[in-house]
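Chain by chain, the residues:
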Amino acid sequence: MINIRDATDADAEAMSEVVTASIRDLCSIDHGDDPRRIAQWNSNKTPAHFRRWLATPGMRLFLAERDGMPAGAGSLSLDDGVIQLAYVAPQHRSHGVTSALLAHMEAVLRQAGIDTARLISTETAHRFYVKAGWVADGPPVPRMDAYSHPMRKQLASGSA
Ligand SMILES: CC(C)(COP(=O)(O)OP(=O)(O)OC[C@H]1O[C@@H](n2cnc3c(N)ncnc32)[C@H](O)[C@@H]1OP(=O)(O)O)[C@@H](O)C(=O)NCCC(=O)NCCS
């Protein structure tokens, strides 16, 4: 069973572990398994960074638990409607964790009155986001071995 909840300071280590392992083990298309690139990408994903983000006004952080275990981590900014992080731990991939996390974050943004959510996708996750209804929000940007994909999704139905 997957549960998404607000993260707390006590989750900082787990979130850091989930995100750094996800980047290291799942994002090979992006970093080409280059240890230097992996280290650089993960350099601002330490527990201290997560604690700082947890204390940042306008930022919301979420922990996904699968059968009670930390399985995914996400963050967003209510200031600009940007989803900043959406990562699944390697051992929990393909069990619906990122889908649940993404749906939860989209709902939080929608409830905050944000019409259009934005994110920058890895190459690894690009097709996943397309399947989830996200569309291009500008041309792909070269990054490391692949491209980053600016994307957006209309959250409001337009009935407002
Ligand atoms: C690709 C990824 C994001 C999918 O997350 P996940 O938790 O494994 O995916 P889910 O189990 O929620 O799968 C949801 C759906 O996406 C599909 N899917 C999973 N990985 C996919 C991929 N690489 N390409 C296309 N579709 C994919 C699944 O088939 C599933 O479809 P269904 O609901 O019709 O069965 C994840 O496996 C991954 O590699 N994450 C790496 C970290 C990352 O790049 N995060 C994004 C930062 S912007």
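This report concerns the structure included in the present document. Owing to the predicted nature of the structure, the values given are computational and were not obtained by experimental measurement.

1. Some thoughts on the environment of Ile83
Point 1. Of note, Ile83 is situated in strand β4 (residues 82–88).
Point 2. A C-alpha to C-alpha distance of 17 Å links Ile83 and Thr20, two positions 63 residues apart in sequence.

2. Describing the site of the ligand
Point 1. Around the ligand sit 22 residues in total, of which Arg93, Gly96, Thr98, Ser99 and Thr122 are the nearest.
Point 2. For the ligand, a nitrogen atom lies 2.9 Å from a polar atom in the backbone of Ala86.
Point 3. Within the side chain of Ser99, a nitrogen or oxygen atom sits 2.6 Å from an oxygen atom of the ligand.
Point 4. For the ligand, whose free accessible area comes to 910 Å², the fraction covered by protein is 75%.
Point 5. A molecule is said to occupy a pocket when more than half its atoms come within 2 Å of that pocket's grid points, and by this definition the ligand occupies the largest pocket.
Point 6. Those elements that place two or more of their residues in the shell around the ligand are α1 (12–26), β4, α5 (97–111), β5 (116–121) and α6 (126–131).
Point 7. Considering each element in turn, the shell around the ligand owes the most residues, four residues, to α6.
Point 8. In the shell around the ligand, the residues fall into 10 nonpolar, nine polar and three charged.

3. Digging into the side chain of Ser77
Point 1. Topologically, Ser77 is positioned in strand β3 (residues 69–77).
Point 2. Exposure remark for Ser77: the relative accessible area of 6% places this residue in the buried category.
Point 3. Polar side-chain contacts of Ser77 include one of 3.2 Å to the backbone nitrogen of Asp79.
Point 4. For Ser77, the residues in contact, after removing those within four places along its chain, are Gly58, Val82, Gln84 and Leu109.

4. Some remarks on the packing of aromatic side chains
Point 1. Tallying each qualifying case throughout the model produces three aromatic pairs.
Point 2. Each ring, one from Phe50 and one from Trp53, has its centre 5.1 Å from the other, and the planes form 80 degrees; the classification is edge-to-face. Remark: Trp53 and Phe50 occur in helix α4 (residues 47–54); sequence separation between them is three residues, near one turn of the helix.
Point 3. In this structure Phe50 comes out as buried when scored by relative accessible area, which is 0%.
Point 4. With centroids separated by 6.0 Å and ring planes inclined at 65 degrees, the aromatic side chains of Tyr129 and Trp134 adopt a geometry described as edge-to-face. Just as Tyr129 is buried, Trp134 falls in that class too.
Point 5. An aromatic cluster is present here, built from Phe128, Tyr129 and Trp134 joined pairwise through their rings.
Point 6. Positioned over the ring face of Trp41 is Arg143, at 4.6 Å from the centre of the ring.

5. Considering the pairing of β4
Every regular strand shows the same layout, with side chains that alternate between the two sheet faces.
Point 1. Buried residues dominate β4, accounting for five of its seven residues.
Point 2. Two successive antiparallel strands, β3 and β4, enclose a turn made up of four residues, where Gly81 displays a positive phi of approximately 70 degrees.
Point 3. Direction of pairing for β4 relative to β5: parallel, over a ladder of two bridges. Among the inter-strand pairings, Ile83 is bridged to a residue of β5, identified as Leu119.

Calculation rules
Residues numbered from 1 in each chain as written. Predicted model: local features only at pLDDT ≥ 70, side-chain atom pairs only at ≥ 80, totals over all residues. Heavy atoms only, no water. Helix = DSSP H or I, 4+ residues; strand = E, 2+ residues; numbered from the N terminus. Near = heavy atom within 4 Å. Polar contact = N/O pair within 3.5 Å; in protein donor to acceptor, adjacent residues only side chain to side chain. Areas by Shrake-Rupley, 256 points an atom, 1.4 Å probe, with all protein chains shown as cover. 1 Å grid on protein atoms, 1.4 Å probe; cavity = no way out; pocket = protein on both sides within 12 Å on 5 of 7 lines; lining within 4 Å. Sits in = over half its atoms within 2 Å of the grid points. Nonpolar A, V, L, I, M, F, W, Y, C, P; charged D, E, K, R; others polar. Buried < 20%, exposed > 50% of the residue type's maximum accessible area, 1.4 Å probe, protein only. Contact = heavy atoms within 4.5 Å. Phe/Tyr/Trp six-rings, centres within 6.5 Å; stacked < 30°, edge-to-face > 60°. Lys NZ or Arg CZ within 6 Å of the ring centre and 35° of its normal. Pairing = 2+ DSSP bridges.

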